[in-house]
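A look at the structure
Residue strings, one per chain:
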Amino acid sequence: MSEDAGVYNYSAVMMGSPILLKLFQPDETLARRVFQLIKQLENLLTVNRSPSQVMAINQAAGRHAVSVSPAVYQLIKLAHEVSLLPGGCFNFAIGPLVKRWKIGFQGHSVPPADEIARLLPLINPRDVELDDAGQSVFLRHAGMEIDLGAIAKGWIADRVQDYLRTQGISQALINLGGNVQTLGFPPHGGQQRWHVGLQKPFAAREELIGTINVEEMSVVTSGVYERFFTLGERQYHHILDPATGYPLDNELLSVTVVSRRSIDGDIFTTLLYGMGIEQGSQMLEARPDIEAIFVTRDRRVVCRSQRLFDFTLTNPQYRLAQ
Ligand code: ADP
Ligand code: MG
Ligand code: MG
């Protein structure tokens, strides 16, 4: 724990990411319970070790359905729906490709084209069968794997927010490695909005492009600089294009989403990253509850729209654009 002018910071490393909990009264016990909750929830969803409900589903691929707890079933059902959106690149059946690339883990490599071609038929979300009555999930073909990496942190951030509320906490901030969720108003200096830093891509964490100012909101960023490896001239990052099997390649370096629930932020960062600014902005027109900030390779910052947040540019190397 560290204290700074009435802000009590509790930190840990979980899900391969730095986790930060900010409280405004010291409470070691509460912080420990929050980290325990995160661990428990992560253990349900991880694809890297037992005992995980998602791993049990994957291990039974091609053989039998697996019943899961109601909360995990609902999350899988949501991920399934989003994966079937026309024109979207979100695909929760992407597991075989994620495992093969190992981006962000030891042993990463660029798979040969024929291997990618062999894996592509195993990532069809339509081959995941859900049964509401039995709350069970069946992967039709051996070798299929679901991967909730694109939404796990958002889901967990919301559960932490709910938990803090039940504990009578009215002001707090939790940062799950890029998923920021806030509770109430910031308590200091009559300040009405939280200031969440928009990180400069490929720079030290403290280097910012600007600040995103919000009331009680989730702010989620997904960037190509979060997990990647470099080979020769090329960079390979961790958001894969289900159509090609290779990392999505476009003009974007990051997408940030402001929304009430962090699960929406996590879904939409991935979706919008795949769609790009133009198509993504069209999609957002139908969703006034979701707003976004796109950062491009040529250092433009595009905000859509700004009812839920305002943005302060602080880095002269970047410019605001439409
Ligand atoms: P992070 O918060 O770790 O930056 P994201 O929310 O951007 O992660 O999700 C990236 C993770 O989602 C990857 O590490 C992988 O597990 C999974 N993933 C990769 N490509 C896709 C995709 N097209 N659709 C859904 N999930 C994906
Ligand atoms: Mg994420
Ligand atoms: Mg995501």
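The text that follows walks through the structure, step by step, so that each part is easy to find. (Residues numbered from 1 in each chain as written. Chains lettered and ligands numbered in written order. Predicted model: local features only at pLDDT ≥ 70, side-chain atom pairs only at ≥ 80, totals over all residues. Heavy atoms only, no water.)

A short note on the pattern of salt bridges
Just so we agree on the cut-off: For this document, the term salt bridge refers to a Lys or Arg side-chain nitrogen within 4 Å of an Asp or Glu carboxyl oxygen. Note on classification: 1.4 Å probe, protein chains only; a residue is buried when its accessible area is under 20% of the maximum for its type, exposed when over 50%, partly exposed between these limits. The helix and strand labels rest on DSSP assignments: H or I over at least four residues marks a helix, E over at least two residues marks a strand, and numbering proceeds from the N terminus.
Inspection of every chain in the model, using the stated rule, returns 15 salt bridges. Here Arg-287 ties to Asp-289 by a salt bridge, and the two come within 2.9 Å at their closest N and O atoms. The partly exposed category is assigned to Arg-287, whose relative accessible area is 29%. A relative accessible area of 37% means that Asp-289 is categorised as partly exposed. Salt-bridge contacts for Arg-307 lead to Glu-291; the nearest nitrogen and oxygen are separated by 3.7 Å. Linking Arg-307 in the loop between strand 16 (300-304) and strand 17 (309-313) with Glu-291 in strand 15 (residues 291-296), this pair joins segments that are 16 residues apart in sequence. Overall, Glu-291 belongs to the buried group, its relative accessible area being 0%.

Re the coordination of the magnesium ion (ligand 3)
Using the following cut-off: Listed donor atoms are N, O and S within 2.8 Å of the metal (Na, K and Ca: 3.2 Å). As water is not included, a site may look incomplete.
On the protein side, the magnesium ion (ligand 3) has Ala-150 (O), Asp-266 (O) and Asp-266 (OD) as donor atoms, found 2.3 to 2.6 Å from it. The distance between the magnesium ion (ligand 3) and the magnesium ion (ligand 2) is 3.6 Å, with Asp-266 acting as a donor to both metals. Of this pair, Ala-150 sits in the loop between strand 6 (136-139) and helix 6 (152-166) while Asp-266 sits in helix 7 (residues 262-285), and the two are 116 residues apart along the sequence.

Some remarks on the site of ligand 1
As a reminder of what qualifies: In this text, near means that some heavy atom of the residue lies within 4 Å of the molecule or strand in question. Here a polar contact means two N or O atoms within 3.5 Å. Within protein one must be a hydrogen donor candidate and the other an acceptor candidate, and residues neighboring in sequence count only if both atoms are side-chain atoms. With residues, only the protein chains shown are counted as cover, and all accessible areas are computed by Shrake-Rupley using a 1.4 Å probe. For each structure, a 1 Å grid was placed over the protein atoms alone; sets of points admitting a 1.4 Å probe that cannot get out are labelled cavities, open sets with protein on both sides within 12 Å along at least five of seven lines are labelled pockets, and lining residues have an atom within 4 Å of a point. A pocket or cavity is taken to hold a molecule when more than half of that molecule's atoms are within 2 Å of the pocket's grid points.
The full set close to ligand 1 counts 17 residues, and Cys-89, Asn-91, Ser-222, His-238 and Leu-240 are the nearest of them. In the environment of ligand 1, a nitrogen atom lies 2.9 Å from a nitrogen or oxygen atom belonging to the backbone of Cys-89. One of the backbone nitrogen or oxygen atoms of Leu-240 is found 2.8 Å away from a nitrogen atom of ligand 1. Compared with its free state, where it exposes 560 Å², ligand 1 has 94% of that area covered by protein. Judged by the fraction of its atoms near the pocket grid, ligand 1 is located in the largest pocket.

Regarding the nonpolar core
Spelled out, the test is: What makes a nonpolar core is a set of buried Ala, Val, Leu, Ile, Met, Phe, Trp, Tyr and Cys residues whose side-chain atoms join them at distances within 4.5 Å. Contacts between residues were defined by any pair of non-hydrogen atoms, one from each residue, lying within 4.5 Å.
With 81 residues, the main nonpolar core has Leu-21, Ile-38 and Leu-148 as its most contacted residues. Once you skip the residues sitting within four places of it in the chain, Ile-38 turns out to touch Met-14, Met-15, Ile-19, Ile-156, Val-160, Ile-174 and Leu-176. Residues Leu-173, Met-217, Val-258 and Ile-293 belong to the second largest nonpolar core, which totals 20 residues.

What to know about the sheet that holds strand 17
Keep this limit in mind: If DSSP finds at least two bridges between two strands, the strands pair. Axis lines are fitted through C-alpha atoms, for helices just across the contact stretch, and the angle between N-to-C directions can take any value from 0 to 180 degrees.
Strand order in the open sheet formed by three strands is 9-10-17, and the pairing between neighbours is antiparallel. The strands lining the two open edges of the sheet, one partner per strand, are strand 9 (194-199) and strand 17. Neighbour-to-neighbour, the strand axes of the sheet open up by a mean angle of 25 degrees, direction not taken into account. Relative to strand 10 (residues 208-214), strand 9 is paired through six bridges, and the arrangement is antiparallel. Residue pairing in the sheet places Gly-197 in a bridge with Thr-211 of strand 10.

Here we look at the environment of Ala-203
Considering the arrangement of structural elements, one finds Ala-203 in the loop between strand 9 and strand 10. Linking Ala-203 and Ile-116, residues 87 residues apart in sequence, is a C-alpha distance of 31 Å.

Concerning unusual backbone geometry
That bond from Arg-304 to Ser-305 is cis: its omega, -25 degrees, falls within 30 degrees of zero. By the element assignment, Ser-305 lies in the loop between strand 16 and strand 17. At Met-15, a residue that is not glycine, the phi angle is positive and equals roughly 55 degrees. Topologically, Met-15 is positioned in the loop between strand 2 (7-14) and strand 3 (17-23). Classification of Met-15 as buried rests on a relative accessible area of 15%. Although it is not a glycine, Arg-299 adopts a positive phi angle of roughly 65 degrees. Checked against the element boundaries, Arg-299 lands in the loop between strand 15 and strand 16. Here Arg-299 falls in the partly exposed class, since its relative accessible area comes to 34%.

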